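Remarks on the overall topology
The residues making up each chain are set out below.
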Amino acid sequence: MTLIENLRAEARAAPESGIVAVMNRGRDRDGMIPLWAGEGDLPTPAFITDAAARALAGGETFYTWQKGIPELRQALARYYVRHFGKSFAEEEFIVTGSGMHAIQLALDAVAGNGDEVVYLSPAWPNFAAAAGVAGAVPVAVTLDQSGNGWSCDVGKIEAAITPRTKALFVNTPSNPTGWTAERETLQAILDLARERGLWIIADEIYSLFHYGDSRAPSFIDIMANEDRILFVNSFSKNWAMTGWRVGWIKTHPSLQQVFENLVQYSTSGVAQFMQRGAVVALDEGDAFIVEQVERARAARDLVCGILAATGRARFTVPQGAFYLFFAVDGITDSRAAAFDIVDRANVGLAPGTAFGPGGEAFLRLCFHRRLDQLEEAAHRLAKWMRTA
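Residues numbered from 1 in each chain as written. Predicted model: local features only at pLDDT ≥ 70, side-chain atom pairs only at ≥ 80, totals over all residues. Heavy atoms only, no water.

In the annotation of an unreviewed UniProt entry, the entry for the protein chain reads Aminotransferase, and the organism field reads Mesorhizobium onobrychidis. Check the Sequence similarities (unreviewed entry) section of the UniProt entry for the protein chain; it says "Belongs to the class-I pyridoxal-phosphate-dependent aminotransferase family." (UniProt positions renumbered as here; feature names shortened; annotations may be inferred.)

**Topic: the pairing of strand β10 (residues 247-250)**
Within a regular beta strand, the side chains point alternately toward one face of the sheet and then the other, so they alternate between its two faces. Residues Gly247 and Ile249 point to one face of β10 and Trp248 and Lys250 to the other, with burial holding for every one of them. Examined bridge by bridge, strand β2 (residues 93-96) and β10 share four bridges and lie antiparallel to one another. For Phe93, the partnering residue across the bridge sits in β10 and is Lys250. Pairing between strand β9 (residues 229-234) and β10: four bridges, direction antiparallel. Bridge pairing links Asn233 to Trp248 in β10. (Buried < 20%, exposed > 50% of the residue type's maximum accessible area, 1.4 Å probe, protein only. Helix = DSSP H or I, 4+ residues; strand = E, 2+ residues; numbered from the N terminus. Pairing = 2+ DSSP bridges.)

**With respect to the UniProt feature "domain: Aminotransferase class I/classII large" (unreviewed entry) in the protein chain**
Feature annotation in UniProt assigns "domain: Aminotransferase class I/classII large" (unreviewed entry) to the following positions: residues 33-381. Each end of residues 33-381 is marked by a C-alpha atom, and these two atoms are 11 Å apart; helix forms 39% of the span and strand 18%.

**Focus on the sheet that holds β9**
Pairing is mixed across the open sheet formed by seven strands, whose spatial order is β2-β10-β9-β8-β7-β3-β4. Strand pairing shows two members of the sheet lacking a second neighbour, β2 and β4 (137-142), which therefore form its edges. Strand-to-strand, the axes of this sheet are offset by a mean angle of 25°, without reference to chain direction. Of the strand pairs in this sheet, strand β8 (residues 199-203) and β9 are connected by four bridges, and their pairing is parallel. Looking at β9, one finds that Ala202 is bridged to Phe231. (Axes fitted to C-alpha atoms, helices over the stretch in contact; angles between N-to-C directions.)

Structure (structure tokens):
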């Protein structure tokens, strides 16, 4: 028996990222315009990095609170008052080593070997993969796509529930589709979860990246205090902090000790100097978020206009997040297309095959970058479409 055969089956089955595979194909090419990853092109602003640097220089390099320093949990409470109009105690927040870590801890808490977790697809692939590694079974329910855009049929979620189902994973606004649940859809999902005794893992990382009048609708708008909802979130997107790997869970205060224990036995906490930067991001970063969203809105409109003019690109203008999930008439294998686009257009996109059922014919373009670069990338893609 080989070494790899002695590993857990769940570890052996963990899939290679379909996004990283394309990145590895083109990341070192001269002139490459990389639109494959889910991040913008701005570095973390100085008002955040300066706070972390001061804390680092001041010697804040020791073990710290597993659940997060009190100042950061209090800042999270203030953030929710400003943006969601709800007051929560600091005991309702757990600081994690990234949004991905928050998802892993939520899964650890509610689903185990053989349990099922229903999620909406196309979806960011890391959730389903993390569920599989944990021994749970991810069950995809595809969003519907039509000329009116992406939508969620809650009846399909209900049909996917079995006696083994423990949780529903809901990401809205969605990566990769940009689908944004209306309040009525969230209410229907919450009613279903209540009726069946299920947990909801709510990934609302893109709540403020919403192109309506304000933030996206949230389960926070409709939930009761005792509802079984775990909110997972990250500092990565709002404040250009993808490389920091800091996130949080918002949960019922009675669960704080459980999640503190889970942090203890995974990362043992986030570096305190990084948490100081996160405090400042929350308290002083609202104007930066507004600038980010408006920048992304202009980029979305630019790219959509150029690709629509080709007559071959099919898409719904996204309501939220910062991705364009589009199909090209005549193209059915998005993985092969993504590699071909790297080779012939020198543009990096993520293949829809990486995002699970319902995404196979699509490509994902991250438009959270400067306009001149996006304009060049869109024209290169339009040229590729003329010959593909």
